[in-house]
Amino acid sequence: MNPDDQRLEFDQSLRMMRDRLVPKLPANIKRKVLPEIEKLEDLLVDTRPPKFAIVGRRGAGKSTLINAIFQDQVADVGSVTAETERASWHTYTDKTNETIMEVLDTRGFGEGASDRFQMSEERTWEEALANKYPDAILFLIKAKEVDSRIQEDIGQLKALQQQIKEKHDYVPPIVGIVTQVDELDPIYDHTPPFGDSKQRAIQQATAHLEKLLAKQFNDIAGVLPVCAYLAFENGRIVYDRRWNIHRLIDFLLEQLPNNTWMEWARITKAKSIQVKIAETIGKSASAISLGVGAQPIPLADLPVITSIQLSMVASIAYISGRKLNRKTLVEFLGAVGANVGTAFAFRQLSRSLSKLVFPVAGHAVSGTLAATATWGLCKAAILYFIERQPAEEAKKMYEKNAEHPLD
Ligand SMILES: Nc1nc2c(ncn2[C@@H]2O[C@H](COP(=O)(O)OP(=O)(O)O)[C@@H](O)[C@H]2O)c(=O)[nH]1
Ligand SMILES: [Mg+2]
């Protein structure tokens, strides 16, 4: 991770909260603040990109789906040469070479292979699963093939889940994905949003896969239909036929462990998910401010509280995909009214901000004041970094929210 990454500060400020502030709080406040600190720790400590096993026959649309999720040409579509001899992990990276996702490729999944062949396939999983396992398994099948013979595929799916359970004591959720729904009848209706009879056909295919999976598993996370088709030219999208991808991204978030949420929101570039995570962070940060701000805190501790707010803003900037550095942060803080110069160090910055969010220096600050300021900052950061609104709008948003106490 970039050493300039302010998100690192979050680990620090959370630890400071835990070690320095929490012990000073009365039991009733501690009971409210600690779970919020823990929520933030779940989201923000040891963050990493998600890991999936994506299984499905050749041509099911595995590579296409990966590109559709990232709106980027990260996987080779239609390529058969990339097919490996054994199940193996593939790391997908973005343009800056950052890992965005790890995928376990399983070869020969249900392709009518002989029993002997399947045995060896399952043995290659063993190696791949020795010290790494997927957070979730995506099972892809073409919409037009849901009623072909896929019992074998589902049997292998079960074996894969079983192996992961035995080795890692973790049961990865299975998400069924009905792909290439644009190919269903009526063919003339091939461009989203689809009409009624197309919707019915999609619903039928989805229900069919649900039924087949329910025979083998008693807890399928869900089955979603998608169209993932995107055409690129010179790395740019020139045709977009995606449908329901956004819902899939949102659904997968629910299946993933919390420490992958930040990365998932960032790398999928899905605004509504970015806002959702940002608000989750903002709510916890505000609840902490409320509890801690209600206490008579010596002035020396104020920067500690403030650093939670700064880290919140930095996290929101990170989620938005903006390059995260002091300049961005200072720009934003300046925009909402924090009087800081670009040369300020992070700690000094904390102090400047503490004047903004804790105007009553020297004695007990109002918990409500601290909480609304934190929430106002959160909403302003969402508007500025995620919605990409001008600084002036962010300032208005901050002022509007900071004036109205949280309910
Ligand atoms: N019409 C249509 N074609 C698709 C869709 N998804 C994938 N394809 C096409 O199906 C073929 C196989 O896709 P690919 O992603 O390489 O499948 P993989 O072998 O499972 O990785 C390619 O020609 C894709 O362009 C889709 O949603 N709609
Ligand atoms: Mg492929």
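A. Structural view of the sheet that holds strand S4 (residues 136-142). Strands sit in the order S2-S3-S1-S4-S5-S6 across an open sheet of six strands; the sheet is mixed. Two strands lie at the open edges of the sheet, namely strand S2 (88-93) and strand S6 (222-225), each paired on one side alone. Between one strand axis and the next, the sheet turns by 25 degrees as a mean value, whatever way the strands run.

B. Structural context of a nonpolar patch on the surface. A cluster of nonpolar side chains, namely Tyr229, Val238 and Tyr239, defines an oily patch on the protein surface of about 280 Å² accessible area. Positionally, Tyr229 belongs in the loop between S6 and strand S7 (230-233). Taking relative accessible area as the criterion, Tyr229 reaches 42% and is therefore assigned partly exposed.

C. Up close: the site of ligand 1. Contacts to ligand 1 come from 16 residues, most closely from Gly59, Lys62, Thr64, Gly78 and Asp182. Measuring from an oxygen atom of ligand 1, one finds a backbone N or O atom of Lys62 at 2.8 Å. Taking Ser63, its side chain carries an N or O atom lying 2.9 Å from an oxygen atom of ligand 1. Protein contact buries 82% of the 580 Å² of open area that ligand 1 shows by itself. Its residues assigned to classes, the shell around ligand 1 comprises five nonpolar, six polar and five charged.

D. Focus on helix H13 (residues 367-386). For H13, which comprises 20 residues, the first-to-last C-alpha distance of 27 Å matches the rise-based estimate of 28 Å (1.5 Å per residue) to within 8%. Judged by how many residues are buried, H13 sits mostly within the fold: 17 of 20 residues are covered. Positive backbone phi, approximately 55 degrees, marks Arg388, located one or two places after H13.

E. Molecular detail of the confidence of the model for the protein. Averaged over every residue, the pLDDT of the protein is 83; residues scoring 70 or more account for 81%. The low-confidence segment residues 339-348 (pLDDT under 50) makes 19 contacts with residues lying over four places distant or belonging to another chain. Scored below 50 in pLDDT, residues 355-364 shows 23 contacts in the model against residues more than four places distant or in partner chains.

F. A look at unusual backbone geometry. Residue Asp185 is joined to Pro186 through a cis peptide bond whose omega torsion reads -5 degrees. Locating Pro186 in the fold gives a position in the loop between strand S5 (174-179) and helix H6 (196-216). Along the chain, Pro192 connects to Pro193 via a cis peptide bond; the corresponding omega equals 0 degrees. With respect to the helices and strands, Pro193 occurs in the loop between S5 and H6. One non-glycine residue with positive phi stands out, namely Asp46, at about 55 degrees. Along the chain, Asp46 falls in the loop between helix H2 (27-44) and strand S1 (51-55). Positive phi, normally seen in glycine, also occurs at Asn97, with a value near 70 degrees. Note that Asn97 resides in the loop between S2 and strand S3 (99-105).

G. Highlighting the nonpolar core. If you look at the biggest cluster of nonpolar residues, it comprises 79 residues, and the most contacted ones within it are Trp264, Ile281 and Phe332. For this core, the element with the most residues is H13, which contributes ten residues. Two domains each provide a minimum of three residues to this core, namely domain 1 (8-46 + 268-403) and domain 2 (51-255). Contact partners of Phe332, with chain neighbours within four places excluded, come to Val313, Leu377, Ala380, Ala381, Tyr384, Phe385 and Ala394. Formed by 34 residues, the second largest nonpolar core is a distinct cluster that contains Val55, Ile150, Val178 and Leu213.

H. Inspection of the packing of aromatic side chains at higher detail. Across all of its chains, the model carries eight aromatic pairs by this definition. The interplanar angle of 85 degrees and the centroid separation of 5.0 Å between the aromatic rings of Tyr384 and Phe385 together place this pair among those described as edge-to-face. In terms of burial, Tyr384 and Phe385 fall into one category: buried. Just above the ring of Phe217 sits the side chain of Lys158; from NZ or CZ to the centre is 4.8 Å.

I. Summary view of the packing of helix H7 (residues 245-255) against helix H8 (residues 261-268). It is at 10 Å that the axes of H7 and H8 come closest, and there the two elements cross at 165 degrees. When the axis of H7 is compared with that of H8, the two are roughly antiparallel. Crossing hand, H7 versus H8: right-handed. The segment H7 lies against H8, with Ile249, Leu252 and Leu253 engaging Trp261, Trp264 and Thr268.

J. Just the environment of Val146, in detail. In this fold, Val146 is placed in the loop between S4 and helix H5 (151-168). Taking C-alpha positions, Val146 is 9.9 Å from Glu210, a pair spaced 64 residues apart along the chain. For Val146, the contacting residues outside a window of four places in its chain are Ile141, Val178, Ala205, His208, Leu209 and Leu212.

K. Region of interest: H5. Counted at 1.5 Å a residue, the expected span for H5 with its 18 residues is 26 Å, and the 26 Å between its end C-alpha atoms agrees. Looking one or two residues beyond H5, the residue adopting positive phi is Asp169, at roughly 55 degrees.

L. Up close: the pattern of salt bridges. For the structure on display, the rule yields 17 salt bridges. Between Asp240 and Arg242 there is a salt bridge; the shortest N-O distance is 2.8 Å. Accessibility expressed as a relative area gives 40% for Asp240, which makes it partly exposed. Note on Arg242: relative accessible area 24%, which makes it partly exposed. Linking Glu263 and Arg266 is a salt bridge whose minimum nitrogen-to-oxygen distance equals 3.1 Å.

The rules behind the values
- Residues numbered from 1 in each chain as written.
- Chains lettered and ligands numbered in written order.
- Predicted model: local features only at pLDDT ≥ 70, side-chain atom pairs only at ≥ 80, totals over all residues.
- Heavy atoms only, no water.
- Pairing = 2+ DSSP bridges.
- Helix = DSSP H or I, 4+ residues; strand = E, 2+ residues; numbered from the N terminus.
- Axes fitted to C-alpha atoms, helices over the stretch in contact; angles between N-to-C directions.
- Patch = residues over 30% accessible without salt bridge, like charges linked within 9 Å, V, L, I, M, F, W, Y side chains within 5 Å.
- Areas by Shrake-Rupley, 256 points an atom, 1.4 Å probe, with all protein chains shown as cover.
- Salt bridge = Lys/Arg side-chain N within 4 Å of Asp/Glu carboxyl O.
- Buried < 20%, exposed > 50% of the residue type's maximum accessible area, 1.4 Å probe, protein only.
- Near = heavy atom within 4 Å.
- Polar contact = N/O pair within 3.5 Å; in protein donor to acceptor, adjacent residues only side chain to side chain.
- Nonpolar A, V, L, I, M, F, W, Y, C, P; charged D, E, K, R; others polar.
- Expected span 1.5 Å × (residues − 1).
- pLDDT = per-residue confidence, 0-100.
- Contact = heavy atoms within 4.5 Å.
- Core = buried A, V, L, I, M, F, W, Y, C linked by side-chain atoms within 4.5 Å.
- Domains from an automatic or database assignment.
- Phe/Tyr/Trp six-rings, centres within 6.5 Å; stacked < 30°, edge-to-face > 60°.
- Lys NZ or Arg CZ within 6 Å of the ring centre and 35° of its normal.
- Parallel < 35°, antiparallel > 145°, perpendicular 65-115°, else oblique.
- Left-handed = near helix turned anticlockwise from the far one by under 90°.

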